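Coordinates in review
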Amino acid sequence: MYHHERHTITMSSTKTSQQALMPPATDLYYIDHLLSEEERMVRDTVRKFVGERVLPIIGDHFEAGTFPRELIPEIAGLGLLGMHLEGYGCAGLSAVCYGLACQELEAGDSGLRSFVSVQGSLAMFPIHKFGSEEQKQRWLPPMARGEAIGCFGLTEPDSGSDPGSMRTTARRDGDSYILNGTKMWITNGGIADIAVVWAKTGDGIRGFLVERGTPGFSSSDVHHKLSLRASVTSELHFEECRIPAANMLPGVRGLRGPLSCLDEARYGIAWGASGAARTCYEVALDYAKTRVQFDRPIASFQLVQEKLAIMATELVKAQLLALQLGRLKDEGLIHPVQISLAKRNNVREALRTAREARSVLGANGITLEYPISRHSNNLESVYTYEGTDDIHTLIIGQAITGQNAFS
Ligand code: TGC
Ligand code: FAD
């Protein structure tokens, strides 16, 4: 038995050494072979869009602190807004296709992926999943076309990791609700036509659709950010803001509502972070092969090779995690703990990759001439939003031990 196994291994390794070519440095495990033709097509289409339309302008937007709004019609034209939702003008593609799109968008900039995550997973998803038929008909088609922009208001100045402690209230008054409170750090807030706002009512936490222009609703953008600069981040203010009772999302009550939306967006982030990591690794590898010091390319030094080897290994691991997560989602087998595991791992490793890649580029790494510091700074936000790294550690810890260590 033992002999037979050894023989088999020898045979297959001989075969491997004769036939297998060196895999590409950016796909060491041939993950490409695990994708269907449709999945590859989605990935390549978004990659082409990012290469042609995003990369030439994103550094300037990052420097200026502006979101490239001019790209919204093209992003919508590619079917990327609410792309994993069915009907109402949405593309109805698989979770894996959605993930691959997030990966390619974030290979460009986390701000771009954030825009798509918030629109599709945090604004359109709750309307699709928990909204009335009228709310769906009214909002989803223009949101899929990029003609109406959405945002998601959960976090407050005093309520971040613990959203259950929110202070925003919605008081019933006849056929209306009256909102009071402040939401903080809201992506797309300043450009949103519709805000999905979570507030406490006499009946627990409920979701509300608040239209821009409603008296008592205002927003102000957060300035001086050093991260996610090519993304709009805002504060939302509600002061005796009266909205029709019909604007409440009828399909969900309690923290389960917003947390279900976070499951969708965290899923996209797990993929997206691997895109940012891939860009940093590719740039560092390329740079190391051409930068000469001590009469040799720096890629020939063991210490540089170790950094690149770790980046390559973590990239393969992150991509495999994301892909299996996507397959589970498409099979209807996904559990929030799996999403937390992938979000936590892929973002922390992407951040580590970005920092190491920056060091490989030396001084050049700190400029906007190269994308690495931009990614590294962006990933600091990604590490914090959608559940901090600590929170995902505790979610995994609670799931595997049965013990709650949050409070
Ligand atoms: P807990 O008592 O555990 O649960 C309350 C209710 O929620 C249910 N639930 C979930 N449902 C769906 N998906 C999940 N992942 C869920 N986790 C819990 C749970 O079953 C229960 O339901 P029910 O019906 O029995 O009442 O809640 P807790 O208060 O102890 O909090 C748990 C904790 C800490 C994990 C949660 O609060 C959390 O995840 N905190 C982090 C907050 C966060 O991630 N905020 C993100 C804000 S949005 C954002 O950052 C957007 S950035 C977008 C971009 O630009 O890309
Ligand atoms: P806190 O919750 O105050 O945490 C501070 C520190 O304490 C962290 O290190 C945290 O891990 C740690 N900590 C907290 N509790 C525990 C615990 N129990 N055990 C151990 N450590 C703990 N929110 C939205 O609702 N919508 C958006 O669109 C949105 N977009 C964002 C965009 C950007 C650029 C950023 C930076 C944030 C965005 N957020 C958004 C907010 C984001 O979700 C919160 O920042 C995040 O949930 C963390 O909350 P906090 O910043 O208040 O940190």
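Worth saying up front: this structure is predicted, and the values here are computed from it rather than measured.

**Thoughts on the packing of helix 4 (residues 95–108) against helix 10 (residues 372–384)**
- Closest axis-to-axis distance for the helix 4/helix 10 pair is 10 Å, and the angle between their directions is 125°. Classified by the angle their axes make, helix 4 and helix 10 are oblique. For the pair formed by helix 4 and helix 10, the contact residues are Glu-106, Ala-107 and Gly-108 on the first element and Arg-374, His-375, Leu-379 and Val-382 on the second.

**A short note on the domain arrangement of the protein**
- For the protein, the assigned domains read domain 1 (4–144), domain 2 (150–247) and domain 3 (256–401).
- One C-alpha centre belongs to domain 1, the other to domain 2, and the line joining them spans 28 Å.
- Contact with domain 1, which involves 25 residues of that partner, is made by 20 residues of domain 2.
- Here domain 1 and domain 2 share an interface that buries about 1,800 Å² over both sides, 67% of which is from carbon and sulfur atoms.
- It is Phe-62, Val-118 and Trp-139 that lose the most area in domain 1 upon contact with domain 2, and together they represent 27% of the buried surface on that side.
- The interface formed by domain 1 and domain 2 contains one salt bridge.
- One salt bridge connects Glu-211 with Arg-138, and the closest N-O pair in it is separated by 3.0 Å.
- Secondary structure elements with two or more residues in the side of domain 1 that touches domain 2: helix 2 (37–64), helix 5 (110–130) and helix 6 (133–144).
- If you tally residues by element for the side of domain 1 that touches domain 2, the top one is helix 5, at 10 residues.
- Here the residues of the side of domain 1 that touches domain 2 sort into 13 nonpolar, eight polar and four charged.

**What to know about the site of ligand 1**
- Around ligand 1 there are 24 residues in total, and Ser-114, Thr-187, Asp-263, Arg-266 and Gly-387 lie nearest to it.
- Take Gly-387: an N or O atom from its main chain is 2.8 Å from an oxygen atom of ligand 1.
- In this structure, ligand 1 is accommodated by the largest pocket.
- Counting residues per element, the ones that place at least two in the shell around ligand 1 are helix 5, helix 7 (256–290) and helix 11 (389–401).
- The element best represented in the shell around ligand 1 is helix 7, accounting for six residues.
- Grouping the constituent residues of the shell around ligand 1 by class yields 12 nonpolar, seven polar and five charged.

**Examining the packing of aromatic side chains**
- Within this structure, the stated rule accounts for eight aromatic pairs.
- An angle of 80° between the planes, with centres 6.4 Å apart, marks the rings of Phe-125 and Phe-130 as edge-to-face. This pair shows no difference in class: Phe-125 is buried, exactly as Phe-130 is.
- Taking the centre distance of 5.8 Å and the plane angle of 90° together, the rings of Tyr-287 and Tyr-370 count as edge-to-face. Here Tyr-287, found in helix 7, pairs with Tyr-370, found in the loop between helix 9 (336–360) and helix 10; they are 83 residues apart in sequence, far enough to count as distant.
- Accessibility expressed as a relative area gives 26% for Tyr-370, which makes it partly exposed.
- Taking the ring centre of Tyr-267 as reference, the NZ or CZ of Lys-329 above it sits at 5.5 Å.

**Looking at the site of ligand 2**
- Near ligand 2, the surroundings consist of 17 residues, among which Thr-155, Ser-161, Trp-185, Thr-388 and Asp-390 are the closest.
- The contact in question runs from a nitrogen atom of ligand 2 to an N or O atom on the backbone of Phe-152, over 2.9 Å.
- With respect to ligand 2, the backbone of Phe-406 contributes an N or O atom lying 2.9 Å from a nitrogen atom.
- Contact with the protein chains hides 67% of the accessible area of ligand 2, taken as 980 Å² for the molecule alone.
- When each cavity is represented as a set of grid points, ligand 2 is found to reside in the largest pocket.
- Considered class by class, the residues forming the shell around ligand 2 number eight nonpolar, seven polar and two charged.
- Counting contributing residues, the shell around ligand 2 receives three or more from each of domain 2 (150–247) and domain 3 (256–401).

**Remarks on the pattern of salt bridges**
- Scanning the entire structure with this criterion turns up 24 salt bridges.
- With its nearest N and O atoms 2.9 Å apart, the salt bridge here joins Lys-329 to Glu-264. Pair noted here: Lys-329 is in helix 8 (residues 302–330) and Glu-264 is in helix 7, with a separation of 65 residues, a long-range link. Each member of the pair, Lys-329 together with Glu-264, is buried.
- Salt-bridge contacts for Asp-389 lead to Arg-348; the nearest nitrogen and oxygen are separated by 2.7 Å. Here Arg-348 lies in helix 9 and Asp-389 lies in helix 11, a separation of 41 residues in the sequence.
- For Arg-348, a relative accessible area of 31% corresponds to the partly exposed category.
- A single salt-bridge network, built from bridges that share partners, covers Asp-32, Arg-40, Arg-43 and Asp-44.

Analysis parameters
Residues numbered from 1 in each chain as written. Chains lettered and ligands numbered in written order. Predicted model: local features only at pLDDT ≥ 70, side-chain atom pairs only at ≥ 80, totals over all residues. Heavy atoms only, no water. Axes fitted to C-alpha atoms, helices over the stretch in contact; angles between N-to-C directions. Helix = DSSP H or I, 4+ residues; strand = E, 2+ residues; numbered from the N terminus. Parallel < 35°, antiparallel > 145°, perpendicular 65-115°, else oblique. Contact = heavy atoms within 4.5 Å. Domains from an automatic or database assignment. Buried area = accessible area lost by both parts, 1.4 Å probe. Salt bridge = Lys/Arg side-chain N within 4 Å of Asp/Glu carboxyl O. Nonpolar A, V, L, I, M, F, W, Y, C, P; charged D, E, K, R; others polar. Near = heavy atom within 4 Å. Polar contact = N/O pair within 3.5 Å; in protein donor to acceptor, adjacent residues only side chain to side chain. 1 Å grid on protein atoms, 1.4 Å probe; cavity = no way out; pocket = protein on both sides within 12 Å on 5 of 7 lines; lining within 4 Å. Sits in = over half its atoms within 2 Å of the grid points. Phe/Tyr/Trp six-rings, centres within 6.5 Å; stacked < 30°, edge-to-face > 60°. Buried < 20%, exposed > 50% of the residue type's maximum accessible area, 1.4 Å probe, protein only. Lys NZ or Arg CZ within 6 Å of the ring centre and 35° of its normal. Areas by Shrake-Rupley, 256 points an atom, 1.4 Å probe, with all protein chains shown as cover.

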